[in-house]
Amino acid sequence: MNIIKILFTLLVFVNFSVLANNIKQADSYFEQEKYSLALNEYLSAADSKEPKVYYQLGVMHYKGLGIEADSFKALVWFSLAADKNYDNSVEIVNNLIANVDPEEKSEINALIKSSQLLYTQQAVYRKYQPQLNEKNLKQRIKFDEYENISEVEINTNEGVEDALSMFMATQSGGSSVEGFEGFTSYDTFASDNEFSNTEPYFLIADYDIAPDGSIRNIAQVKTRGSVKSAEFDLSMNNLPKPTFNDQGVSFINRTYLGIANYNRFRMRKEYSSLYKAMKNLTGKLSESDSAKDQYSYGMALMHFPWISQESGDVNKLLKGAAESGYALAKYEYGLKLYREQKEPKQAIYWLLEAAKNDISQAQYRLARILLDSPWVIHDENKALFWLEQAASKGHITSKLKSAEIKLLSTDEDLQDVKGAIVYLTEIDELQNDNPEYKYLQAMAAAKKENRELTKAVRVIRVAIKLGKNLNWDVTSWQAQLNSWTSGGSVFVQDI
């Protein structure tokens, strides 16, 4: 047997052993009538395709052991076991649907099949959900003398030159990432300002605040007009350093620029047509009972404070839409709670629910929480799972962060230089000016099988220069460069 076959056999054996231990533990809890513990263990193993796990979950759901009794859920789990002809599962399934009207059987069977996929998928998600760090939940992240990052003013240069370039560059409206719907009517409004032929612009952007206070990974939530200049200005800001128990941490923030930062008086004075049109639009949304419209209404109130509203309206609308099952509302409500640090436990719950609904931004944010948040137990393995879920949908920053873990993780099981290079290659054109991207390119060149150490030194120098231009703390990158060189020029082969 060659070495590859030996390694493959060992890998399969290790995975099987871990699985067997999980099932053995679940069986032990079940025999001791510790049903809640048994249920958790069986659910953790539900992605294993082991028919015994499906069968036991069927039993527990049918009898209400450790969970509320549910005949349909029991039927779904038993049907998964029956697909592999396990024990008497086929007979149980037949008995459970024996009294169903023949005309409805086809519908029941179709529902069972769709539920099978859902239940096994939910079991996988359960395996990768964050574990709360309960002792930290009552403490908050601080920003120097500020209790809340929203109190910090963002500096931008919105002068005449910016106004002309941003307002006049496009007539088609801005772009938006998935997750913010509606309000295409923004694009139909002209300016009411008699001193200018410009149109109103706005930039609503999410970004990560690094422990050094720098702004990174800017993602446009919603825009109108050309916003390149505004986004550049935003990237040049240095915010108060986020700390938790005096230790530097990362955090998420959202910034509103352009008319999204105006007050009601200024909007009515400069853009009265837009003000009136938005007032009419939100009036119509407020009368709708649909979760989507309530979500859109809540987003409008959150993003444009000059729209009439009462305190708490945004949370009420987003929460209601989230509880009605609207996936984007789950994400926005969870993210708002997280940014405000009011209810981190609820925030993480709703972000997880949104991630389960395949919202790529939620999957990225959940991964960053698993990597950075003081309110959960840090877990790179779980984080990489969610990052790759988002990356599979084309989420650029998730590909970048996945590459980072694959290159820099101390966990050998997560190290994957070839996989990291694939991600870096896919995002090259979009991230080529990103200092972090350049740094990871350098590390990939140094760690690949046929190492390109000269390239690694050259590219990390570019990363350091770009980082300094954005006021990033590049001390660790400089230390890495120093370890590769002697006096900054003589190359050291052994790294």
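Above this note sits the structure.
Residues numbered from 1 in each chain as written. Predicted model: local features only at pLDDT ≥ 70, side-chain atom pairs only at ≥ 80, totals over all residues. Heavy atoms only, no water.

> Mind showing me how you'd approach the packing of aromatic side chains here?
Taken as a whole, this structure holds 21 aromatic pairs when the rule is applied. Each ring, one from Phe-143 and one from Phe-251, has its centre 5.5 Å from the other, and the planes form 65°; the classification is edge-to-face. You can see Phe-143 sitting in strand S1 (residues 142–143) and its partner Phe-251 sitting in strand S6 (residues 251–258), a full 108 residues away along the chain. Judged on exposure class, the residue Phe-143 and its partner Phe-251 are both buried. Ring centres 6.2 Å apart and planes at 65° place the aromatic pair Tyr-333 and Trp-350 in the edge-to-face group. Of this pair, Tyr-333 sits in helix H13 (residues 327–340) while Trp-350 sits in helix H14 (residues 344–356), placing them 17 residues apart in sequence. On the basis of relative accessible area, Tyr-333 is assigned to the buried category, the value being 5%. An aromatic cluster is present here, built from Tyr-125, Tyr-128, Phe-385 and Trp-386 joined pairwise through their rings. The ring of Trp-472 has Arg-216 lying over it, and the distance from NZ or CZ to the ring centre is 3.7 Å. The aromatic ring of Tyr-262 is capped on one face by Arg-266, whose charged end is 3.7 Å from the ring centroid. (Phe/Tyr/Trp six-rings, centres within 6.5 Å; stacked < 30°, edge-to-face > 60°. Helix = DSSP H or I, 4+ residues; strand = E, 2+ residues; numbered from the N terminus. Buried < 20%, exposed > 50% of the residue type's maximum accessible area, 1.4 Å probe, protein only. Lys NZ or Arg CZ within 6 Å of the ring centre and 35° of its normal.)

> Sorry, what's going on with the pattern of salt bridges here?
As a working rule, side chains carrying opposite charge can pair if their charged atoms are close by. Applying the stated rule across the entire model yields 18 salt bridges. Among the salt bridges present, the one from Glu-270 reaches Arg-266, with a minimum N-O distance of 3.1 Å. In this pair, Glu-270 and Arg-266 are both assigned in helix H9 (residues 264–270), four residues apart and thus about one turn of the helix distant. Each of Asp-208, Arg-365, Arg-368 and Asp-372 takes part in salt bridges that share partners, so that together they form one network. (Salt bridge = Lys/Arg side-chain N within 4 Å of Asp/Glu carboxyl O.)

> Would you mind showing me how to read unusual backbone geometry here?
Most peptide bonds take the trans configuration, and most residues that are not glycine carry a negative phi. One non-glycine residue, Asn-217, lies in the positive phi region at around 55°. We classify Asn-217 as buried; its relative accessible area is 19%. Despite not being glycine, Asn-245 shows a phi value in the positive range, around 55°. Relative to the helices and strands, Asn-245 is located in the loop between strand S4 (242–244) and strand S5 (247–248).

> Sorry, what's going on with a negative patch on the surface here?
A cluster of acidic residues, Asp-101, Glu-103, Glu-104 and Glu-107, forms a negative patch on the protein surface. By the element assignment, Glu-103 lies in helix H6 (residues 102–127). Classification of Glu-103 as exposed rests on a relative accessible area of 68%. (Patch = residues over 30% accessible without salt bridge, like charges linked within 9 Å, V, L, I, M, F, W, Y side chains within 5 Å. Areas by Shrake-Rupley, 256 points an atom, 1.4 Å probe, with all protein chains shown as cover. Lys, Arg positive; Asp, Glu negative; His and termini not counted. Charge placed at Lys NZ, Arg CZ, Asp CG, Glu CD.)

Keep in mind these values describe shape, not function.
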